[in-house]
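In case you want the letters, here they are:
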Amino acid sequence: MGTNPTDLQSNQSNSSALKQLASVIVLRCVECASLYPGVSDQPRYRCDCGGVLDVEAKIHHPTQQEPALQVRFEALTASESDVWPLAGIKWRQLFDKRSAQSPTWSINIDQQLPDKSGVWRYREMILPIPEQYIVSRPEGNTGLYPVGRENCGNHRAGHRQIGRYAGLDHLFLKHEGENPTGSFKDRGMTVGVTMANLLGARAVACASTGNTSASLASYAAQLGLPCIVFLPATHVARGKLAQSLAYSATTIQIEGDFDNAMRLVEQACNELDIYLLNSLNPFRIEGQKAIGFELLQQLDWEAPDWLVLPAGNLGNTSAIGKAFRQAYQLGLIAHMPRIAAIQASGANPFFRSFMNGFSRREHVQAQTIATAIKIGDPVSYSRARQAIEESNGIVEEVTDEEILAAKSVIDRSGIGCEPASAATLAGAHKLVERGIIKREERVVGILTGNLLKDSQTGIPQDKQDNAITANITAVKRALANKISL
Ligand code: F0G
């Protein structure tokens with residue numbers, strides 16, 4: 001990796017941290033199981049066979065010398081006897097103590113407060129590195145809204161309409177749009193940019209449908225690190241593009257779609273010695289696992305029956321699947337939730353592969369109003385396939401009309417989300433109608449992005465410009481159908 005010559009001294013201290021990290025992690029190919037060092041001079045994003053890589057770590061509880069578990073990607077191999085007795089209780093105590101005691105903010109810029117990040121609170125399961133390298137906003141700590149017909153508060157008719165729409169008694173929505181840059185991407189990015197920091201990267205880059213780039217631009221700017229984002233021209237929602245520009249990333253718009261941009265950024269990073277921070281980078285996935293840990297903690301470690309989420313490049317499906325597997329293996333939860341990955345029907349390669357029993361990997365020319373998930377050749381296909389198979393999960397598709405209908409329910413409940421996020425509710429609704437998710441089952445849905453990311457799609461534009469005369473008669477006329485006068 002290229003280094004900045006003014007940073008020679010700090011790089012010497014990096015090398016001991018890197019050595020320490022290399023002793024506890026390796027990278028394993030998801031396709032052929034080949035192993036590679038966890039850290040090396042030249043970052044590696046793929047196996048020689050072309051497969052994507054997964055981080056395998058020895059997970060240590062702070063009070064244990066021996067690893068509590070050496071986690072392998074492939075299978076749920078841990079039986080109770082493999083796991084340190086009482087492991088689940090000890091882990092739960094550790095994370096609950098950190099949540100309870102974490103100070104609200106730091107008044108000293110040199111003082112890291114990893115416990116207050118909803119990612120680094122679970123650091124033993126994420127990335128064991130010295131705290132001084134962590135680059136955090138902090139992120140996470142997002143709301144988990146009870147919105148089912150039964151678990152919604154008595155006076156919350158607005159929220160309960162979501163449960164009614166889904167047809168579910170016990171539904172929770174976890175709003176990842178409440179992260180610092182407005183999407184779940186911040187959870188992977190705090191870990192990815194921390195790795196860039198540790199490796200002494202000279203620049204970072206990603207391809208994006210808009211949220212990854214906004215997040216990377218923000219975290220890189222915190223370090224003063226050059227950041228280059230490749231965006232599919234005309235396919236990125238305005239709010240997201242504005243973020244990358246404002247955070248001063250070099251923004252390159254590519255003719256073509258996200259899949260073209262993705263291929264190009266991988267080539268550019270390999271040829272130009274730039275650190276790649278798409279979810280092809282396995283450390284991003286490690287950070288995104290924290291969505292899973294945090295929601296389990298918010299549910300007092302009572303695993304839900306189902307986890308429903310939108311699926312595009314499939315990083316999130318992979319990450320949450322891995323989090324559940326590790327939580328189960330370590331005894332944090334008693335059973336694995338089933339995962340339902342929801343695709344837009346015009347951008348549904350994963351759904352098509354699921355329908356053919358994963359016998360063939362499908363590609364499509366993607367088309368959907370949900371630009372965040374407008375992806376025809378998802379990078380994390382193999383990882384996500386494992387998450388679906390291992391959790392006895394399912395892949396569903398929903399039309400743009402179904403996405404917009406679900407979005408309007410979430411928006412008018414006061415919670416709000418960007419279009420791709422609404423695939424979660426549209427998918428839950430469909431799976432309940434099909435009898436796959438049962439009405440009485442406990443379901444968590446992930447809302448992945450903030451409403452303000454895309455303030456055009458599905459939001460009534462005609463109501464924005466119709467000003468009235470400034471007198472009480474005009475006000476009464478405007479309110480005639482809204483309240484009794
Ligand atoms: N929802 C939102 C709001 C997203 O931005 C994305 C992905 C997804 C869902 C799908 O998640 O790719 O992990 O399956 N956005 C990426 C980006 C591709 O570049 O911002 P996934």
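Quick caveat, the model's predicted, so the values are computed rather than measured. (Residues numbered from 1 in each chain as written. Predicted model: local features only at pLDDT ≥ 70, side-chain atom pairs only at ≥ 80, totals over all residues. Heavy atoms only, no water.)

**Notes on the environment of Pro180**
Residue position: Pro180 is located in the loop between β6 (170-175) and α5 (185-199). Taking the C-alpha atoms as reference, Pro180 lies 32 Å from Glu389; in sequence the two are 209 residues apart. When neighbours within four sequence positions are excluded, Pro180 is seen to be in contact with Arg137, Pro138, Glu139, Asp186 and Tyr219. (Helix = DSSP H or I, 4+ residues; strand = E, 2+ residues; numbered from the N terminus. Contact = heavy atoms within 4.5 Å.)

**A word on the sheet that holds strand β10 (residues 275-276)**
Pairing is parallel in the open sheet, where 4 strands are placed in the order β9-β8-β7-β10. Of all the strands in the sheet, just β9 (250-254) and β10 have a single pairing partner and so form its edges. Here 2 bridges tie strand β7 (residues 204-207) to β10, and the two strands are oriented parallel to one another. Looking across to β10, one finds that Val204 is bridged to Tyr275. (Pairing = 2+ DSSP bridges.)

**Comments concerning the pairing of strand β13 (residues 394-398)**
Summarising burial for β13: 5 of the 5 residues are buried, a large majority. Residues Ile394, Glu396 and Val398 of β13 are buried on one face, and the alternating residues Val395 and Glu397, pointing to the opposite face, are buried as well. When strand β12 (residues 338-344) meets β13, the two strands line up parallel, connected through 5 bridges. Opposite Gln343, over in β13, you have Glu397 as the bridge partner. (Buried < 20%, exposed > 50% of the residue type's maximum accessible area, 1.4 Å probe, protein only.)

**Quick look at the sheet that holds strand β5 (residues 144-146)**
A sheet is described by the order of its strands in space; here 6 strands give the open sequence β5-β6-β14-β11-β12-β13, paired in mixed fashion. Two strands lie at the open edges of the sheet, namely β5 and β13, each paired on one side alone. Each adjacent strand pair in this sheet contributes to an overall mean axis angle of 25°, direction not counted. Note that strand β11 (residues 306-310) and strand β14 (residues 442-447) share 3 bridges and pair parallel. (Axes fitted to C-alpha atoms, helices over the stretch in contact; angles between N-to-C directions.)

**Structural notes on the packing of aromatic side chains**
Under the criterion given, the structure shown has 9 aromatic pairs. An aromatic cluster of at least three residues, connected via ring pairs, comprises Trp91, Phe95, Tyr122, Phe293 and Trp301. (Phe/Tyr/Trp six-rings, centres within 6.5 Å; stacked < 30°, edge-to-face > 60°.)

**Section: unusual backbone geometry**
The residue after Arg137, namely Pro138, is reached through a cis peptide bond having omega 5°. Tracing the backbone through its elements, the reader meets Pro138 in the loop between α3 (123-126) and β5. The phi dihedral of Asn141 is positive, around 55°, even though this residue is not glycine. One can find Asn141 in the loop between α3 and β5. Classification of Asn141 by relative accessible area gives partly exposed; the value is 41%. Positive phi values are uncommon outside glycine, yet Asn392 reaches one of about 55°.

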